[in-house]
Structure formats: structure tokens, C-alpha cells
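# Reading the structure
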Amino acid sequence: MKPVKIAMMGMTHGHTRKYYQTLLDNQKLDWVASCAQDAEAKKTYELYKTGVPCYLDPEEMYRKHPDIEAIVIASANDRHFEQVKWCAEKGIHILSMKIPTFDMKEYDEMIALCDKAGVVCQIELEMHYNSVVRRLKKLIADGAIGKIKSFQATNITLSPVWAFPWQGDPKSSFGSVVPLKAGDPRFRGGALCDHPHIFDLIRHLTGSSFDYIYAEVAPNLRDGLKVEDMLMAVGKMKDGTAFLFDPSWSRLEEKLKVPGPGWERFPKRMEVNVTITGDKGMISCDCFGPNVYHNGAPNDRYTVQYTYFDEWIGLIDEFVACIREHKTPLINLKWHKETIQAMLGCYESIQSGKIAKVGGK
Amino acid sequence: MNIKKMNKSLDFLREKYGAAKGEITIKDGHCYVGATPLLPGRMERKIVELKKMTENGTLEGVSTLRFASFAPKGADIEGMLAKELDLAAYLGASDVVRVMAVANGLAINVLAKLANDVNVSVEIGAGLPKGAEPYDRHEIIAKRGVACDQTVDTHTKHESIRCWGADGMEEFTDVDTELFGLSYDEIWNVRAAFALLQKRADAKVWKAAWAKATKAAKLAFAADKSKAAKTIAVKKGLDTNQSIKVAEVR
């Protein structure tokens, strides 16, 4: 199979650095170029010494590398539409970050653009390529706990806003400046926008769709943040499954400009834990474990250190296979739309104080 | 271990990433590629992380290693001890130079010394019921920082999934998506064989390291019999405790 000529664009997303190892290792890829949003993003990129040239102008990158076949769009959420459009017009396949856009009009236009151009647009929801989630899916499919009755999931992390300031900016993160609710000084665009995984996972595991959702924001943990950092949601799937989600930034962090050791103040910087009650049993699951533990440098704090995130390998393997074998990715724009609608439902519920029917139905 | 399945997985990795040809064989319960013994313990991600911590300044001034390994009845405790002594040399970055031990049937407690003066304790037991999952623990105590591959304040192993179904409770820990379906031991033996075939691990180093570890384990049993510590001469030359290059995602 001819290696796919791939590039990265934006370089301001929190997941940017997670692609480097896989793009370099995977023999089905030829990573030819990167294009940073600005000089600062380029400077950060260069710290990782990938050996891949980095540009500041996408047109220049494309002029010098006209054979680029695919691009990982690793940028702020409000840049995705223009970048998807840019790629689709050039017939370039797209690996999009987890939030293509919260603007449903833009979202539908993205679908139309990709369909018209015949390009693959895969959404980066890397949890699907995690070995624990794979086991979880197998257990549920094998009927280990029977029919799912209740689903509780956390997708809680530290806040990346100090390293990736756009994630604390309502316009860059949510796409527009929308107050959370009357009398609340905060805006949409915080922790919720960072954590779509559990909204997606429940759809896969139940095989059902969202019915309604109710969400509440709590007081923020971080002073001065313009967006929400603590919230929770409850709701129901159309098959009756009751769910409870915590997608907060509930783990405090040091204000590092480049993620690295000592970032976390709470011992574990990220947690996706799921408990599922079925009519024949129950599952408790920690998607990121086992780990190693230390209280060494830089802050001598007790720290849970992850072992290895191999999700990115499977994610990229699927992307390459979809390009070369003309397949549709598991997480494609059309599938992902309902996940985004459910997240929007949370914001609507926070604003109204009532349940929100997902998709406005 | 299912060698056929392991070799199929090894072929998959070799074809995907590129590596020399080779296959895993098993002799006396230990895996080899050709004449080179595999050191799967060095490939386990938790050991990789601990090794990095000793090298990247997370831990400073290593003083003591406290290791333990427990397996079901019938397990080869000398082989288990050899693995742990190899990991002690690897994580302590220095060869074992002295061992004292007290054995009692299916268990042996070992106090060892590395050439750099680091103390090592190893607790080995083959008393778990047949079919039980093995359990081990590696703790590194340094002047600055303590690191461990088990959680603080618990003596139960972390499992990714606990499933309470019709047949009681089952636990699952999956650590490698590309090798999904292989057992924990099978995964790290395949990864070790792959590292060797990719030349990330050096066959000469592994042969020498395993020879040292098996010798030290044998001497531990001799020390128990003689009730006296056994000394091992350090050979100058090949550094058998250097780290192996592995993939990183942070």
C-alpha cells in the first residue's frame, strides 16, 4: 500500500502532540509537513523535534507539498469550518478534532462539502481504539450484564486553558459568545466542549439515541475563567437507559504553558470511568489504567503516571484504511452529529433550567 | 502461552512496522528468539515508566528496591526470582553482586545488593490457587521520591474492568490494543521479540543479562542452604542494564 502523504494543521489543539509518535512510526504514512496557526504554536511544535518542516501559511505548505493527501486539523474549534472547507476544496482527506463545530448550520455544510469532494472526514474520538473500551464493548455485546439499564460516566480532567488558551475563550471554543444562563457571568465553551467521549460512548454501547438531557453548572473552581469548568448532566436514552455524566475540569493543575511533568495538582490528571448497571449484572471500568505512581519531581506530589496511550495507533490505522479502501470511518461527521446535539442539549438545559430534547425533537 | 498465536501477532507487527524475520520458541517455560532469551519484564509498560523515572530526574538518589511476585501453585519460583533480579539490575542500573535468601517450600525471601550499593528485597511466592492471576509489585525508594507500579494504600491489583455477571465477578486488564486477545505474558513476550527483531533490544545484552539473573537466582537458593550470603563478581564490559527505546505518547 502506498503511504498516505499526511500533514498537520493548526498545532494549537491539546491533542496535537499525541499524533507525533504515530505519524512518524506508521509505515502507511509519510508525514511531510505541518502548518502552525502562529509563531508561538510553531515554537512549541519545534520543542518536540519531529524533523518535519513547519509552515505558518497553509497555502505555502500546499505549494511546497502539493501531494498532501490528508491533514490532521489540530486547531481551535472556531477554525475548523474554514479549514475543513480548505481541505475539501483541494480534495484532501480530513482527520478532525473531536468538536468539528457547535454551529449546526456549519456542521451540515461540512457534511455537504465533504460529500461533494468525496473526501474522508474522520472525527478524532480516540477512546474507541483504547483496549479497555474494546473489552467493554465486547462484554456488553456478549451480554455479560444483560440489557443496559443505567450508565454513569466521568470524563474529568485538569483544565488545559493555560497551555491552550483558546479552550477558555468562548468564541474560539464554542464558536460564538453565548452566556450560560441569565445572571451568570460565564459563557458556553468550557469543560463540556472538551469532553464529548462519554456522550458518544453511550450511543455505541446501548445502540440507542438520546431522548432528553438535563444539566447543571456548579461554581467554577478557577477564578477568572470566562467559561464553565464544573457541570453534570442526567438524562434518558430512547431505549430507557438512564445516564449520569460528569464532563468537568474538576482536577486542578499548574498553569504550565507546555504540558509536562508536574502539570497535575490532583494526582490523576485525567479519568474516564464508567459504571454500567444491566438487568443481569454490573460493570465498573477505568479506561485509563493500570498506571504507575510516584511522588518525585518536579513537585514531589503523589502522581498517577499513565503508561502508554496507544489509542492513536488504531485511530490513524482506521483513517489510513478509510482513505485507501474507500471506507467510512466509525466516527464520521453524520454519526457524530447527534453527539454534538446532545452536548448542545446540555447548554440549552443549563440556560432554560429544564430538560432539553436532543436534536430539538 | 499460545506460541502459535504469539508468532502470528509478531508477524503482524513485523509486517506493519518492519523488522527482521524471526519466531518465538519456548524452552523450559521461557521464551526465546533463536538463542536469545526474551526479557518480557523489561518491556512491560509499567517497568518502562519506572525505568524512565530513574533516568529523567523524577526520582533522584535511588536507595532501595522492594519487589514482590506471587503466582499460582506449581510456578517455577527460581524462574520468577530470576525475572525479578533482572528487573532489579535493570531498574537499579547496576548488577547484582550479593544475595542472601531464606526459602521455605513454595516461597523465598531474598535480600540482594547491587554494585552501586542499592539494596533489593524480593518476595517470591507460589501459593496462589491454581488459575489465579499472578500479582507483582515494584517499588523504588529514592532520596527524592518513591515510585511504585501498585497504588498506595491498597494491596489489591488495579484492574481496568470488574464485571459482576451471572457467573460472579470477573476482572479484565487490557494493555495493548494492537495485541488485543493475547494474555498479559503473551503480549510482553511478543513485544520483547519485536524489540529484538527491530534491533531496539540488543541480543548480546539480553543473553548476558539473563545469564546474570539466572545465576543470581541459583545463588539465592544456595545462600539459603548455606545460611550465608553469596557474592557475584562483576564483569567489566557490556552494560546490560541500558534502557530500550519505546514509543512515547504524552
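Residues numbered from 1 in each chain as written. Chains lettered and ligands numbered in written order. Predicted model: local features only at pLDDT ≥ 70, side-chain atom pairs only at ≥ 80, totals over all residues.

Take the overall build of chain A next. Secondary structure summary: chain A contains eleven helices and 15 strands in total. Compactness check: chain A gives a C-alpha radius of gyration of 20 Å against a globular reference of 21 Å for 361 residues, within 12% of the reference. Taken along its principal axes, the extent of the C-alpha atoms in chain A is 55 × 45 × 40 Å. Within chain A, the fraction of its 361 residues that count as buried is 53%. Within chain A, contacts between residues separated by at least 24 positions form 68% of all contacts whose residues are at least 6 apart in sequence. (Helix = DSSP H or I, 4+ residues; strand = E, 2+ residues; numbered from the N terminus. Rg over C-alpha atoms; globule rule 2.2 N^0.38 Å. Buried ≥ 20, exposed ≤ 12 C-beta atoms within 10 Å, placed from the backbone. Contact = placed C-beta atoms within 7 Å.)

All right, on to the domain arrangement of chain A then. All names here are of chain A. For chain A, the assigned domains read domain 1 (4-126) and domain 2 (128-307 + 330-360). The distance between the C-alpha centroids of domain 1 and domain 2 comes to 24 Å. In this assembly, 23 residues from domain 1 lie in contact with 24 residues from domain 2. When residues of the side of domain 1 that touches domain 2 are traced back to their parent elements, those giving at least two are helix 2 (39-47), helix 5 (104-117) and strand 6 (121-123). (Domains from an automatic or database assignment.)

Taken in spatial order, the nine strands of this open sheet run 15(A)-8(A)-9(A)-10(A)-7(A)-11(A)-12(A)-10(B)-11(B), and their pairing is mixed. Looking at which strands have only one partner, the edges of the open sheet turn out to be strand 15 (356-357) of chain A together with strand 11 (168-172) of chain B. Running over the sheet, helix 9 (residues 197-206) of chain A touches strand 7 (148-157), strand 9 (231-237), strand 10 (242-246) and strand 11 (270-278) of chain A and is turned about 155 degrees from strand 7 of chain A. Along the sheet, helix 11 (residues 333-352) of chain A contacts strand 8 (210-217), strand 9 and strand 15 of chain A; its crossing angle with strand 8 of chain A, the most-contacted strand, is approximately 45 degrees. (Pairing = 2+ DSSP bridges. Axes fitted to C-alpha atoms, helices over the stretch in contact; angles between N-to-C directions.)

Another aspect to go through is the nonpolar core. Residue and element names in this part refer to chain A. By size, the foremost hydrophobic cluster in this structure holds 107 residues, and its most contacted members are I6, A7, I71, I73, I94 and L136. A domain-level breakdown of this core finds at least three residues from each of domain 1 (4-126) and domain 2 (128-307 + 330-360). Aside from chain neighbours lying at most four places away, what touches I71 is A7, M8, M9, C87, I92 and I94. (Core = buried A, V, L, I, M, F, W, Y, C linked by C-beta atoms within 7 Å.)

With that out of the way, let us pick up the interface of chain B and chain A. Between chain B and chain A, the residue contacts involve 39 residues of the former and 41 residues of the latter. Breaking the side of chain B that touches chain A down by element, the ones donating at least two residues are helix 1 (3-17), helix 3 (45-55), strand 9 (146-148) and strand 10 (161-165) of chain B. A per-class count over the side of chain B that touches chain A returns 17 nonpolar, ten polar and twelve charged. Examined bridge by bridge, strand 12 (residues 281-286) of chain A and strand 10 of chain B share four bridges and lie antiparallel to one another. Opposite A:C285, over in strand 10 of chain B, you have B:I161 as the bridge partner. (Nonpolar A, V, L, I, M, F, W, Y, C, P; charged D, E, K, R; others polar.)

This part covers unusual backbone geometry. Among all residues save glycine, negative phi is the norm, and among peptide bonds the norm is trans. For the bond from A:G289 to A:P290, the omega torsion is 0 degrees, close enough to zero to count as cis. Residue placement: A:P290 occurs in the loop between strand 12 and strand 13 (292-294). You will see that B:K199, though not glycine, has its phi angle at about 65 degrees, which is positive. Mapped onto the fold, B:K199 is located in the loop between helix 5 (184-197) and helix 6 (203-226). Accessibility expressed as a C-beta count within 10 Å gives 11 for B:K199, which makes it exposed.

All names here are of chain A. Where helix 9 meets helix 11, the axes come as close as 9 Å, and the angle between the chain directions of the two elements is 125 degrees. Overall, the two elements helix 9 and helix 11 adopt an arrangement that is oblique. As helix 9 runs across helix 11, the sense of the crossing is right-handed. Contact with helix 9, carried on its side by F199, D200 and R203, involves E338, T339, A342 and M343 of helix 11 and no other residues of that element. (Parallel < 35°, antiparallel > 145°, perpendicular 65-115°, else oblique. Left-handed = near helix turned anticlockwise from the far one by under 90°.)

Take the environment of B:E170 next. Residues and elements named next belong to chain B. Structurally, E170 can be placed in strand 11. Overall, E170 belongs to the partly exposed group, with 15 C-beta atoms counted inside 10 Å. E170 sits 76 residues away from S94 along the chain, and the two C-alpha atoms are 39 Å apart. The residues touching E170, leaving out its near neighbours within four places in the chain, are C163 and G165.

A separate point is the sheet that holds strand 3 (residues 54-55) of chain A. Pairing is parallel in the open sheet, where six strands are placed in the order 3-2-1-4-5-6 (chain A). Two strands lie at the open edges of the sheet, namely strand 3 and strand 6 of chain A, each paired on one side alone.

A few words on the pairing of strand 10 of chain B. All names here are of chain B. Pairing of strand 10 with strand 11, which is carried by five bridges, proceeds in the antiparallel orientation. In the strand pairing of strand 11, G165 is matched with G168. Between the antiparallel neighbours strand 10 and strand 11 lie two residues.

Our focus in this paragraph is the pairing of strand 8 of chain A. All names here are of chain A. Pairing geometry for strand 8 and strand 9, over seven bridges, is antiparallel. Of the residues in strand 9, the one forming a bridge with E216 is M232. Inspection of the sheet shows strand 8 paired to strand 15 by two bridges, in the antiparallel sense. Within strand 15, the position partnered with I213 by the bridge is A356.

Attention now goes to the environment of B:A35. Residue and element names in this part refer to chain B. Here A35 lies in the loop between strand 2 (30-33) and strand 3 (36-37). Accessibility expressed as a C-beta count within 10 Å gives 8 for A35, which makes it exposed. Taking the C-alpha atoms as reference, A35 lies 19 Å from R14; in sequence the two are 21 residues apart.

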